[in-house]
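These are the residues of each chain, in order.
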Amino acid sequence: MVSFVSTLVFALVLWFFVVNTPGWELVRRSFFDFEVFQAAWPRVIEGLWLNIRVLFFAAIGVLVFALLLATIRTLRGPVFFPLRAVAAGYTDLFRGMPLIIVLYIVGFGVPGLGALPRMPLEFWGTIALVLTYSAYVAEVFRAGIESVHPSQRLAARSLGLSYGKTLRLVVLPQAIRKVTPALMNDFIAMQKDVGLISVLGAVDAVRAAQIETAQAFNFSPYVLAGLLFVLLALPMIRLTDWYSARLRTREQAGSLV
Amino acid sequence: MSVVVKLENIHKSFGNTDVLRGISLDVHHGEVVALIGASGSGKSTLLRCVNLLEQIDDGQIWLGGDDISNPQVHPDKVRARIGVVFQQFNLFPHLSVLGNITLSLTHVKKMKGSEAQAHARELLAHVGLAEKASWYPDRLSGGQQQRVALARAIACKPEVLLLDEITSALDPELVGEVLELVHTLKDEGTTIMMATHEMAFARDVADRVFFLDNGVIAESGPAGGVLENPQDSRTQAFLRRFSG
């Protein structure tokens, strides 16, 4: 009750402050114009559908590629040093490189080679997202793999399971469970970064909003696209919070593992 | 009696520490052999060498007549012929009790799923945990977990069962149920090599006892003899500390 009233008072104070700023009327008209919202809706929503499709394929690509990278980085034995080094170098490079630059290089540079068949812009956008996000997600997977106690590998190997089967049947299932909240968080981050493929010229929600903005001389389409991205992310955000809370209560219940 | 495990002049060192300094012993079919000795005397390392979790520096190991210390031998194939139970149970927390037992049956023995489950249920009934098949390990008591670990270890009908201080992590009141099960396994003719601190149990179940001191076998012989009438001064000193 107290929290509700305090929230309400706080919101009202903020509202009156914003509404009474000298430029509010102008800002309201150029950012929150309902008619412009309506006019921009069809194109922006069509663009968002492209974002969702890119997100879908990028997420699958990231999971597969990141798991591969993490597996390589956790290989034991001196024989695999070159592989480990390549994977480590990869994650260093792509965690450091701004996504937008990767997008430019992949989106404009690679097709420029002329060695590959022509692909739509969103294809290259998806590739760039996979390259960048795999580097982050691979580190999350690696942390998960290394958090599984060595005695679990020992027990699995003692049963006669091979290295690969131990990884697949014993280590990875436990590792993935442990890092699921972190993975979901990365997914949410990627959900909004999908909008960056607009820099390649792919007509996604952001690009569509840009076109509408240019036609209406009004920024409202950007706000619309932004709100739609938030709506898109909300279910996943809630799910992540719920799952993390559940894991926490389970661990606090005093399990042995 | 046929020899199941034969160790000859086993040497193993970690860095500058010589853990095993020439261990030779035979384990016969159906025999229970207990390894006793202070912490750090090399008991656990010796067991780990037998199933190739540690690579020996020198010596030879035979399992059922095969030289398994030969580098040509595939360790996974050897390990599938040996059952191991650890001090800390090491059950797989993401698998049910049944899943823990069927894992090696389906993926090492290549048994069909239904067949493996039926066999696993039999084993669970045998260790007195039939009704816990669908439970997850973290819901079980330590004693129950260790009985599941024993069932998992014998699922593939190993030629020898290695028990590495399997009661050391248990609450005192849970030790009995596990030791009782080991006794049952012995009666069924299982060949067992066990490292243990339970002297009373060693006397009760073991056919022969090996006292390890500083990486060598200081004394060995029938359980009653070594434990009740030790000849070596080191064994005498060790056992005196146990009886208090």
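Residues numbered from 1 in each chain as written. Chains lettered and ligands numbered in written order. Predicted model: local features only at pLDDT ≥ 70, side-chain atom pairs only at ≥ 80, totals over all residues.

Undergrad: I'd like a description of the overall build of chain B, backed by residues and values.
TA: Across its full length, chain B holds 9 helices and 10 strands. Here chain B has a C-alpha radius of gyration of 18 Å; the compact-globule value for 244 residues is 18 Å, and the two agree. A principal-axis box enclosing the C-alpha atoms of chain B has dimensions of 55 × 45 × 35 Å. Counting the 244 residues in chain B, one finds 44% classified as buried. Sequence separation of at least 24 residues holds for 63% of the intrachain contacts in chain B that already meet a minimum separation of 6. (Helix = DSSP H or I, 4+ residues; strand = E, 2+ residues; numbered from the N terminus. Rg over C-alpha atoms; globule rule 2.2 N^0.38 Å. Buried ≥ 20, exposed ≤ 12 C-beta atoms within 10 Å, placed from the backbone. Contact = placed C-beta atoms within 7 Å.)

Undergrad: Account for the sheet that holds strand β2 (residues 17–28) of chain B, naming residues and giving values.
TA: Spatially, the 4 strands line up as an open sheet ordered β2-β1-β4-β5 (chain B), and their pairing is antiparallel. The open sheet has two edge strands with one neighbour each: β2 and β5 (66–67) of chain B. (Pairing = 2+ DSSP bridges.)

Undergrad: Can you explain the packing of helix α4 (residues 81–96) of chain A against helix α6 (residues 121–147) of chain A? Please cite residues and give values.
TA: If you want to describe how two helices pack, look at the angle between their axes and the distance between the axes. All names here are of chain A. Between α4 and α6, the shortest axis-to-axis distance is 8 Å and the interhelical angle comes to 120°. Between α4 and α6, the crossing angle belongs to the class labelled oblique. Crossing of α4 against α6: the hand is left-handed. Residues Y90, T91, F94 and R95 of α4 form the contact with α6, whose participating residues are L131, T132, A135, Y136, A138 and E139. Here the residues of the contact of α4 with α6 are counted per class, giving 6 nonpolar, 2 polar and 2 charged. (Axes fitted to C-alpha atoms, helices over the stretch in contact; angles between N-to-C directions. Parallel < 35°, antiparallel > 145°, perpendicular 65-115°, else oblique. Left-handed = near helix turned anticlockwise from the far one by under 90°. Nonpolar A, V, L, I, M, F, W, Y, C, P; charged D, E, K, R; others polar.)

Undergrad: Residues and numbers for the pairing of strand β9 (residues 208–213) of chain B, please.
TA: Residues and elements named next belong to chain B. Strand direction decides the pairing type here: strand β3 (residues 32–36) and β9, joined by 4 bridges, are parallel. Note that in β9 the partner of A34 across the bridge is V209. Counting the residues between successive antiparallel strands, the hairpin from β9 to strand β10 (residues 216–222) contains 2 residues, one of them, N214, with a positive phi of roughly 55°.

Undergrad: Describe in detail the packing of α6 of chain A against helix α8 (residues 163–193) of chain A, supporting the description with residues and values.
TA: Residues and elements named next belong to chain A. One can describe the packing of α6 onto α8 by two numbers: an axis separation of 8 Å at closest approach and a directional angle of 150°. Of the possible angle classes, the one that applies to α6 and α8 is roughly antiparallel. Between α6 and α8 lies a crossing whose hand is right-handed. Facing L129, Y133, Y136, V137, V140, F141, A143, G144, I145 and S147 of α6, the residues of α8 in contact are V171, A175, I176, K178, V179, A182, L183, D186, M190 and D193. Its residues assigned to classes, the contact of α6 with α8 shows 15 nonpolar, 2 polar and 3 charged.

Undergrad: Tell me about the pairing of strand β8 (residues 192–195) of chain B, and name the residues and values.
TA: Residue and element names in this part refer to chain B. Residues I192 and M194 point to one face of β8 and M193 and A195 to the other, with burial holding for every one of them. Where β3 meets β8, 4 bridges bridge the pair, whose relative direction is parallel. Directly across from A34, in β8, lies its bridge partner M194. Two strands pair when backbone bridges link them, and strand β7 (residues 160–164) and β8 are joined in this way by 4 bridges, in the parallel orientation. Residue pairing across strands places L163 opposite M194, the latter belonging to β8. Taken together, β7, helix α6 (residues 172–187) and β8 constitute a β-α-β crossover, and its handedness is right-handed. (Right-handed = clockwise from strand over helix to strand, strands pointing away.)

Undergrad: With reference to specific residues and values, describe the confidence of the model for chain B.
TA: Here chain B averages 92 in pLDDT, and 99% of its residues register 70 or above. For this predicted complex, the interface confidence score (ipTM) comes to 0.90, while the overall pTM stands at 0.84. (pLDDT = per-residue confidence, 0-100.)

Undergrad: I'd like a rundown of the sheet that holds β8 of chain B, residues and numbers included.
TA: Think of a sheet as strands paired side by side through backbone hydrogen bonds, with each pair either parallel or antiparallel. Residue and element names in this part refer to chain B. One open sheet accounts for 6 strands, arranged β6-β7-β8-β3-β9-β10; its pairing is mixed. Edge positions in the open sheet fall to β6 (82–85) and β10, since each of these has one partner strand only. On average, adjacent strands in this sheet sit at an angle of 15° to one another, irrespective of strand direction. Across 4 bridges, the pairing between β6 and β7 is parallel. What sits directly across from I82, in β7, is V160. Strand contacts of helix α5 (residues 142–154): β6 and β7, with the helix running at about 170° to β6, the strand carrying the most contacts.

Undergrad: Kindly report on the environment of L121 of chain A, identifying the contributing residues and their values.
TA: All names here are of chain A. Secondary-structure assignment places L121 in helix α6. For the pair L121 and V106, spaced 15 residues apart in sequence, the C-alpha separation works out to 9.9 Å. If near-sequence neighbours (up to four positions away) are discounted, L121 is found in contact with G107, L200, G201 and A202.

Undergrad: Explain helix α3 (residues 97–107) of chain B to me, and be specific about the residues and the numbers.
TA: For an α-helix, the turn length of 3.6 residues means that residues three or four places apart are oriented alike. In terms of burial, α3 of chain B is a largely internal element, 8 of the 11 residues being buried. Regarding α3 of chain B, the residues found buried are V97, L98, N100, I101, T102, L103, S104 and L105 of chain B. Contacts from the buried residues of α3 of chain B go to α8 of chain A together with α4 (113–126) and α5 of chain B.

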